[in-house]
Structure formats: C-alpha cells, structure tokens
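# Descriptive analysis of the structure
The lines below spell out each chain.
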Amino acid sequence: MEIVKREIERAAFYACTDPAWAGARHGFSTRQGGVSPAPWDSLNLGATLGDDPVNVRWNFNRFCSVIGTDEEALVKNRQVHGDLVRPVTEADILPDPAQPGVFEADGLITDRPGVCLTVFSGDCIPILLYDPVRRCAAAAHAGWRGTALGIAARAAEAMVRDYGCRAENILAAIGPGIGPCCFETHGDVPDGLRSGLGEDAAPFIRPLPKPEKFSVDLKGANARWLERTGLRREHIAVCDTCTACNLDIFWSHRVQGSARGSMAAMIQLI
C-alpha cells in the first residue's frame, strides 16, 4: 500500500490508490493549482493566515472537486499540538468552507457518511485512518508534540473503543510532512519521543555532528505508534516526500515561517 502523487486539472495532490480505500474519498493537498497570490500562492487552504476568504473558498472548491469530497460538508478543528480526538457529526459541519475551525482538537473521527474531516499542515504530519469494514474514518495532525503524545494512536484507539472497529482492519495514510533530512532539533524533541514511545523511539532519532543536535523521523514515529495500537504494517502507507525539501510543491513552516499558506488533508466516507 502506497501514497502516490496525482494531478487533475493542474491541481496536484497525494492519495492512496489501493482499492481498499475506495469507500473513502481522501487526499493530501499541495500548494499547486489554486488562485491565492503570494505569499499564499497558490492553493492555500488555511483560513487564518491572512489570505482573502474569497480565495480560500475558491481553493477549497478546486481541491474538493479534484479529490471528490464535498466543500459544503467540512469539519475543521483548531489545532493545538495535543492528543485530543473529537468525535464529530453533521452538526459540526461549517457553514462556509473559508471559516476556520473553532474547537480545540488535533484529531477528528466520525462514522457518518458525507462528513468531511479536514486537518491542516505546513511541515507537521497529516494522518488519515479508515476502517472499510466498520465504515469509520479519522484524521489527525501530528507535530512533534502530538507525535510524542501519540495522537495517531489516540485516533486509532478511539476508532476501536468508541466505534467498534478492529485494529487489524484499519488502514492508515501518513501524508507529506517534514522528513528527517530537514527536521534538525534540540534535545527536547528526542526527549519527548522517548517519553511517549520508550525504547521504540530509538530508530527515529539520529544524533548529528553538531553539539546537542538531532535528526528526527516523525513519520516513522507515527507509524510505530500505529503498529503498537495493533495496525498491520502492510496497512500503513507512508509518503516519504519532505515538505521542507520541496518548496515548489509544499509550504514549510520551518523554512518560510508564517509567510505562507497551508496544506490540508481530507477524508469523507462515501
């Protein structure tokens, strides 16, 4: 199972093409194919970064049309780099796709067809989960703090505990985000991963020649969290594309700071 880059009508995005995902329309956006001017050029889906809401609304229309989701059924959160997963229904759908999320959470979960879960990233790791048997979906935003806290595992655990899913049936897509090639950190990040994953964190932390500097693999750490929750390794797809290495395709908070747009990851049960 893999995540591949696709392009429809000049809008590039990433998605799992495996037939097992056929019951959930989903995708990870790039910065390509929208109408926003610099510094949000061009497919900016972030509603809180200063871009004109007219542009954000049009960009959602474009992205949703190419991946097959419904721009009038979006549920968004206000991401706080924690491990809270919030169950949502039709009552949480926003009246305007250009409106930002209001409730604090870094994970969303639903079993209601038509509800489009939407999380945002600009180096952080977007994660989509789907159980084709129980028909349940979740979306999570994992920065290094959320990764250390196990937000991906919390989402999978909620699917099992609250929705009756079986971990071995859950499919996971870990989308584009900053890679170990560019994620150079101080010791607080490795310490956080060790606090959450224990000895399992070791493969995802590499000391660098610089004093007290480390390279950290957040995608690998999130995949390990999911394996520990009971997901099968062959059901976990990881996109190896680094957002900080590919500024023509993505925005990177680490490289560009706040003068940028935002990518989104979406999943909607058919």
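It should be noted that the structure appears before, not after, this text.
I will try to describe carefully the structure that is included in this document. Only a predicted model underlies this, so the values are computations on that prediction, with no experimental measurement involved.

## Points about the packing of helix α4 (residues 188–197) against helix α5 (residues 218–229)
For the pair α4 and α5, interaxial distance at closest approach is 12 Å and the crossing angle is 5 degrees. Considering their axes alone, α4 and α5 lie roughly parallel with respect to each other. Along its contact with α4, which presents L193, G196 and L197, the element α5 presents A221, R224, W225 and R228. Taken together, the residues that form the contact of α4 with α5 break down as four nonpolar, one polar and two charged.

## Observations concerning the sheet that holds strand β11 (residues 184–185)
Pairing within the open sheet is antiparallel, and its three strands lie in the order β11-β13-β12. Strands at the two margins of the open sheet, each flanked by one partner only, are β11 and β12 (205–207). Across three bridges, β12 lies against strand β13 (residues 214–216) in antiparallel orientation. Paired with P207 across the strands is F214, a residue of β13. Across the face of the sheet, α4 comes into contact with β11, β12 and β13 while running at roughly 50 degrees to β13.

## Some words on the sheet that holds strand β15 (residues 263–269)
If you walk across this open sheet you meet the six strands as β1-β2-β3-β15-β7-β4, and the pairing is mixed. Two strands close off the open sheet at either side, each with one partner strand: β1 (3–8) and β4 (74–76). The average undirected angle you get between the axes of adjacent strands in this sheet is 30 degrees. With six bridges connecting them, strand β7 (residues 116–121) and β15 associate as antiparallel partners. Residue pairing in the sheet places F120 in a bridge with A264 of β15.

What counts as what
- Residue numbers run consecutively from 1 along every chain, following the written order of its sequence.
- Owing to the predicted nature of the model, reporting of local features is limited to residues with pLDDT of at least 70; listing and counting of side-chain atom pairs is limited to 80 or more, with chain, interface and lining totals taken over all residues.
- Note that water and hydrogens are dropped before the side-chain values are worked out from all heavy atoms of the structure.
- Axes here refer to lines fitted to C-alpha atoms; in helices the fit is confined to the stretch in contact. Angles between the N-to-C directions go from 0 to 180 degrees.
- Secondary structure counts use DSSP, requiring at least four H or I residues in a row for a helix and at least two E residues in a row for a strand, with both numbered from the N terminus.
- Working rule for angles: under 35 degrees goes down as roughly parallel, over 145 as roughly antiparallel, 65 to 115 as roughly perpendicular, anything else as oblique.
- A contact between two residues is defined here by any heavy atoms of the two lying within 4.5 Å.
- Side-chain classes follow a simple rule in which Ala, Val, Leu, Ile, Met, Phe, Trp, Tyr, Cys and Pro form the nonpolar group, Asp, Glu, Lys and Arg form the charged group, and the remainder, Gly included, forms the polar group.
- Note: two strands are recorded as paired if DSSP finds a minimum of 2 bridges between them.

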